[in-house]
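Residue-level structural notes
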Amino acid sequence: QVQLVESGGGLVQAGGSLRLSCAASGRTFSKMGWFRQAPGKEREFVAAIGWSGDSTYYADSVKGRFAISRDNAKNTVYLQMNSLKPEDTAVYYCAARVGLLTTIGRNYDYWGQGTQVTVSS
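Residues numbered from 1 in each chain as written. Predicted model: local features only at pLDDT ≥ 70, side-chain atom pairs only at ≥ 80, totals over all residues. Heavy atoms only, no water.

1. What to know about the pattern of salt bridges
- In the structure shown here, the tally under the stated rule is four salt bridges.
- Taking the shortest distance from any N to any O, the salt bridge between D88 and R36 comes out at 2.9 Å. Of this pair, D88 sits in the loop between β8 (76-81) and β9 (90-97) while R36 sits in strand β4 (residues 31-37), placing them 52 residues apart in sequence.
- Classification of D88 as buried rests on a relative accessible area of 1%.
- Note that R65 and D88 form a salt bridge whose closest N and O atoms lie 2.7 Å from each other. Of this pair, R65 sits in the loop between β6 (56-58) and β7 (66-71) while D88 sits in the loop between β8 and β9, and the two are 23 residues apart along the sequence.
- Sharing partners across several salt bridges, the network here consists of R36, E44, R65 and D88. (Salt bridge = Lys/Arg side-chain N within 4 Å of Asp/Glu carboxyl O. Helix = DSSP H or I, 4+ residues; strand = E, 2+ residues; numbered from the N terminus. Buried < 20%, exposed > 50% of the residue type's maximum accessible area, 1.4 Å probe, protein only.)

2. Describing the nonpolar core
- If you look at the biggest cluster of nonpolar residues, it comprises 33 residues, and the most contacted ones within it are M32, W34, L79, M81 and Y92.
- Secondary structure elements with two or more residues in this core: β3 (18-25), β4, β5 (44-49), β7, β8, β9 and β11 (115-120). (Core = buried A, V, L, I, M, F, W, Y, C linked by side-chain atoms within 4.5 Å.)

Structure representation (structure tokens):
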């Protein structure tokens, strides 16, 4: 049974940092990504990474502030979030797929339950 379990969310002041983790079990995935959904808004792409870590994509809104990485030995992907802003407040979801690296959420096959990130001003 495939499972993606996120952790690391919480409450942080603007300008602060958090690191999210997503542990996969049941199989390994060559492509993994992070998405987020704020209240009243649609889910949006945040970052994605390929197997080797050499290929990464970022949303323009997080470039230079967030960094996605992975530890294949632990079957875990991370999202380091720095210089957080109130507009980063959302539920953050980990996703995984087999196939080409993509920023499109509907192309991902597996999703975690989400972790809440709240950034206070």
